[in-house]
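Spelled out from the first residue to the last, the chains are:
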Amino acid sequence: VQNQKSQMALLSKLVSPWYPPTALGLEKGFASVVHLERSRGGGYAARRAATFSLSESVINPSFDDQNIGNTVQLASIIGELAASAGLLRQKRWSVCLPEATTRTVVVTLESPASGSELQDVLAWKMERGFGQSLDELSVSREPLDKDSQGRARYMAIAIRKSVLAEYESVFAS
C-alpha cells in the first residue's frame, strides 16, 4: 500500500503539478503562450493563446552551449506574444524550456546509505550521469520506488546554471 501511495504521489507531481495557469512554452522555431481556466467538469480550457514562429537563430536549445542568440529580440517577441494573447497583465507564469536544455538520469544506489553518505553517493553518481560538476548545474531530484532488487532509486533532472541564467535574463527584462 505504501509503495502504491509513493507511486501515485510521484505520478501526481509529474502529470498534475500546481503551476500558475498562464504559461510560456519555448522550443526551437516557436514560442507559445496560453492561459488556462478551470472548467465546470474539473478539467481545464484554454481561454487565451498565441504562437509565434521564431527564426532558427533566436533559440538553439542545448544542454552544453549557449541557447539564446539575441536576448533583446527574444524578450521583445515574448512581450509581443503576451500582448497578442491579452496576457500582459499576468504576473505569475509557468515556463516550459526546450527539452534539449535538460538531462535526466535515474540513480540507483547499490547499498543502503543515509545522511551525508547518501548525499555524497548521490552527488558522485549524478556528476557521472550528467557529465558535469554539480557546481555548474541546477538539479532537482525525486525519490523513486525501489527497484526489483530492493535498491533505492532517484530521478534527477539537471540544467546548466549558465543556460538557466540566459533564460532568466530574458524573463527579467
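Residues numbered from 1 in each chain as written. Predicted model: local features only at pLDDT ≥ 70, side-chain atom pairs only at ≥ 80, totals over all residues. Heavy atoms only, no water.

Some words on helix α2 (residues 71-84)
Rules: Numbering of helices and strands starts at the N terminus; helices are DSSP runs of H or I of at least 4 residues and strands are runs of E of at least 2. Given a helix with a known number of residues, its expected span is that number minus one, times 1.5 Å. For each residue, the accessible area found with a 1.4 Å probe, counting protein chains only, is set against the maximum for its type, and the residue is called buried under 20%, exposed over 50%, and partly exposed in between. By arc we mean the arc of the directions from the helix axis to the C-beta atoms, nothing more. By the criterion applied in these results, polar contacts are pairs of N or O atoms within 3.5 Å in which, for protein atoms, one can donate a hydrogen and the other can accept it, and in which residues neighboring in sequence qualify only through two side-chain atoms.
Here α2 spans 20 Å end to end across 14 residues, near enough to the 20 Å set by a 1.5 Å rise per residue. Within α2, burial applies to Leu74, Ala75, Ile77, Ile78, Leu81 and Ala82. Projection of α2 onto a plane perpendicular to its axis shows the buried side chains occupying an angular sector of 160°, all on one side. The exposed residues of α2 that point more than 90 degrees off its buried face are Val72 and Ser84. Residue Asn70 occupies the N-cap position of α2, its side-chain oxygen lying 3.1 Å from the main-chain nitrogen of Val72. Positive backbone phi, at 75°, marks Gly86, one or two positions downstream of α2.

Observations regarding the nonpolar core
This is how the line gets drawn: As used in this record, nonpolar core signifies buried Ala, Val, Leu, Ile, Met, Phe, Trp, Tyr and Cys residues forming a set joined through side-chain atoms within 4.5 Å. In this analysis, two residues are considered to be in contact whenever any of their non-hydrogen atoms come within 4.5 Å of each other.
Residues Leu26, Val33, Ile59 and Leu74 are the most contacted members of the largest nonpolar core, which totals 20 residues. Of all the elements in the fold, those that place two or more residues in this core are β1 (22-27), β2 (30-38), α2 and α4 (161-172). Looking at which element gives the most residues to this core, the answer is α2, with 5 residues. Apart from residues lying up to four places away in sequence, Leu26 is in contact with Ala31, Ile59, Ile78, Cys96, Leu97, Pro98, Tyr167 and Phe171.

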